[in-house]
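# Residue-level structural notes
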Amino acid sequence: MIIASTNNFFTEIISFFSDGLGWGFGGEILGYTAIAVIYLIFFAVAGLYLVLMERKVAAWIQLRIGPNRVGPWGLLQTIGDAIKLVTKELTGTIKADKFLYNLAPYFPIVAALISISVFAFGESFQVFDINIGIFFLTAVSSIGVIGILLGGWASNNKFALIGAMRSGVQVISYELSVGLSLLTMVLLTGSLQLSEIIEVQRTGGWLIYQGHIPAIIAFMIYMISGTAETNRAPFDLIEAESELGAGYHTEYSGMKFAYFFLAEFINMFIIAAIAVTVFFGGWLAPFDLFDNVWFLQPVWFILKVGMIIVLMMFFRWTYPRLRIDQVLTLEWKYLLPLNLMNIVLMAIMVWAGFTLPWPF
Amino acid sequence: MDYEAQIKKNQFRTDEYKINMGPQHPATHGVLRLNLTIDGEIIKRVEPDLGYIHRGIEKMCEYDSYPQIIHLTDRMDYLSSHNNNEAVALAIEKALEIEVSDRVKYIRTIVGELTRMASHQLWWAVTGMDLGALTSYFYGFRDRELINDIFEETCGARLTMNYSVPGGIRYDIHENFVQRVKDFIVHLRSKLPEYDQLLTGNVIFEKRMKGVGVLSKEDAISYGVSGPVARASGVASDIRKIKPYSAFALKDIDFKEPLYTEGDAYSRYKVRIDEMWESMNIIEQLIDNIPEGNIKEPTKAVIKLPKGEFYQRVETARGELGVYINSDGKKNPYRVKFRSPGFSNLSALDHMAVGSKLGDLVAMMATLDLVVPDIDR
């Protein structure tokens, strides 16, 4: 059985279907389906509201009001946009490679949805607590770039091709930094399993506090390379609108475009959620407020994720875009050597026991 | 070069490919088409292809009376429409030997400098956008809006102003004009440092701009670039200094011509930021002592220029605008030619861009400050 914990919320859903209703194995399958549906709905809604949030944050920075016509405070704006995108006609180019062109949008969205399954939203809100959690996340979330490459290649459009090639180069490079900065933190926790990483922080304080200097360096590197992973500004060369029109999704419309678009926002959630889990104590309440009561754990988690996402949105609306050679220089000449030194520093620190205990 | 070699030169190697930047492309700010020959991301050749917004303005001028020509010039470089109007009006006045009153000269200069500031603000806004920093767009437009409001109050139009006419200006300034201009300068003096905070000191921005699209002083002269582009390469080319007109000829106005020697995109950026400060200095020296006087010298109902050739240069936001009028004594000119700054500035693009990345081309085009109707006319 995949689900280990006994009082897990999701285990209870399955046991309700299999034992409670007495449907046996069929009920178990039904239970898994129910969980999948819950996750899909949650992330569809989360993706939509992240779009709205981005538009509101952008408006806030840019002396505007933002969407405020559809629903109260524009709350239904992105729902309306989604309905528009779903009902829109799917157009494509005649000379496109039909099979790859139609296949491409599914890679980013599927990769994003698979990787959300391992997150611990709370002590009893985790579907899939595997012992290689961090490794699984970095591995699965990088499948998405295949979709971008395929989409750009199959569109038979030179602008899309340039965008896709930039994406390939960039994501593969920054994958390294994401992996290494997370590895630095794994040295501190001694485990790749997400639940254990959080368990370490329950007694010893958040990892960014325990690991102090190397942890802060790792967090900075993680945020920079995480932003690059999600292809957002200042690393949005892939869809650099003033250079390439719309980049790799130039030829996509309707729901196929929406898959790319939604995947970008879910990826942002994933990057922020990893940051929260690894650096900021996951679902743990700050200063053990309310004794970490179980129903508030997802709230803390989402709040922290929200703050990291707002930080990423600030990047996007403040900085200009880098050039492709500068993107690669930053990674290979600065971040990677710094990262390697940081790992050594962290290893020495853990070996010598220089970690900060909690409370002081 | 013989024909065979010409063919050979124009053929691209198999690892190069061509893309069309434009006529519909976000970075060209209009319907400019650039034929790019690219090797991966590296630009091998840039061939601007004009004509997508050619309206035959120079030919139309030959069928219009002289006051009507001014209406057409608004539509050339629409961001410095007043400077265009002024150039034609000055050329006609020169031909008719009309001496306009000092009041007209002062007002023309103040409005011209406001136009320059509005143009540079729009340029700053879209430069940030071209480089991917979308926030600058809204900051720039916020302040430009205030200038447009001042124009609207005085002459009824916000963009294509038609304010100068042969012999003067169309209307006297609105009673709020002086106060609003003063308020605006106080406002902009507090907001320009904000522009610097957002872009100028930014590491990414400086990396994107410094050393990009370098145009040496010699090349700047041989390509005939003018305005901020020339000044960034160290060529002092300000018509307001070299051949003063309007209030610049009347009074010794104290302003600096910002000169840089690097000739890269960053110095072009800095020149324009400095020019906004200088424009404010110029206006402050004029706004408090606008003399009384006629706003329009009487002209005949049908203006006929004497036989001959007349030329007038003014400094628009983009550089030197020359107006050449060849008259054969009738009520409409025999030939009109505009020497537009944008056309010459664009011609240097290929020289600058070869060997740089695709992203750099956008930065170069942004700092050349291209207005396509000005290039095409």
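Residues numbered from 1 in each chain as written. Chains lettered and ligands numbered in written order. Predicted model: local features only at pLDDT ≥ 70, side-chain atom pairs only at ≥ 80, totals over all residues.

Quick look at the overall build of chain B now. When helices and strands are tallied, chain B shows 17 helices and 8 strands. Each principal axis of the C-alpha atoms in chain B carries an extent, and together these give about 65 × 50 × 35 Å. Counting only residues that meet the buried cut, chain B has 48% of its 377 residues in that class. Taking all contacts inside chain B whose residues are at least 6 apart in sequence as the whole, residues at least 24 apart take part in 70%. (Helix = DSSP H or I, 4+ residues; strand = E, 2+ residues; numbered from the N terminus. Buried ≥ 20, exposed ≤ 12 C-beta atoms within 10 Å, placed from the backbone. Contact = placed C-beta atoms within 7 Å.)

With that settled, the discussion passes to the nonpolar core. Judged by nonpolar contacts, the single largest core of 190 residues is most densely connected at Ile266(A), Phe269(A), Ala272(A), Ala275(A), Ile309(A) and Met364(B). Counting residues per element, this core draws most heavily on helix 13 (residues 254–279) of chain A, at 19 residues. Ile266(A) has contacts with Phe43(A), Gly47(A), Ala112(A) and Ile116(A), leaving out every residue within four places of it along the chain. In terms of nonpolar packing, the next biggest core, distinct from the first, is built from 5 residues, Phe10(A), Ile14(A), Phe17(A) and Val127(A) among them. (Core = buried A, V, L, I, M, F, W, Y, C linked by C-beta atoms within 7 Å.)

All right, on to the pairing of strand 8 (residues 335–339) of chain B then. Residues and elements named next belong to chain B. Residue alternation in strand 8 divides its side chains into a buried set, Val336 and Phe338, and an unburied set, Arg335, Lys337 and Arg339. Here strand 7 (residues 320–327) runs beside strand 8; their pairing, made up of 5 bridges, is antiparallel. Residue Gly322 lies in a different strand from strand 8, and its bridge partner there is Arg339. (Pairing = 2+ DSSP bridges.)

Here we take up the interface of chain B and chain A. Contact with chain B, which involves 26 residues of that partner, is made by 24 residues of chain A. Of the residues assigned to the side of chain B that touches chain A, the class counts are 13 nonpolar, 6 polar and 7 charged. (Nonpolar A, V, L, I, M, F, W, Y, C, P; charged D, E, K, R; others polar.)

Residues and elements named next belong to chain A. Domain parsing of chain A yields domain 1 (1–87) and domain 2 (91–352). Domain 1 and domain 2 are separated by 20 Å when their C-alpha centres are compared. Facing the 22 residues of domain 1 at the interface are 22 residues of domain 2. Going through the elements one at a time, helix 1 (9–20), helix 2 (24–61) and helix 3 (77–87) are the ones with two or more residues in the side of domain 1 that touches domain 2. The element contributing the most residues to the side of domain 1 that touches domain 2 is helix 2, with 11 residues. Taken together, the residues that form the side of domain 1 that touches domain 2 break down as 16 nonpolar, 5 polar and 1 charged. (Domains from an automatic or database assignment.)

To continue, consider the sheet that holds strand 1 (residues 17–21) of chain B. Residues and elements named next belong to chain B. Strand order in this open sheet of 3 strands is 1-2-3, and the pairing throughout is antiparallel. With partners counted over all chains shown, the strands left at the sheet margins are strand 1 and strand 3 (42–49), one partner each. Taking each pair of neighbouring strands and ignoring which way they run, the sheet shows an average axis angle of 25°. Bridge count for strand 2 (residues 33–39) against strand 3 is 7 bridges, and the pairing is antiparallel. Considered in strand 3, the bridge of Ile38 is made with Ile43. (Axes fitted to C-alpha atoms, helices over the stretch in contact; angles between N-to-C directions.)

Turning our eyes to something else, we now look at the confidence of the model for chain B. Across chain B, the average pLDDT comes to 86, with 97% of residues at or above 70. Under the prediction, the complex receives an ipTM of 0.81, its pTM being 0.86. (pLDDT = per-residue confidence, 0-100.)

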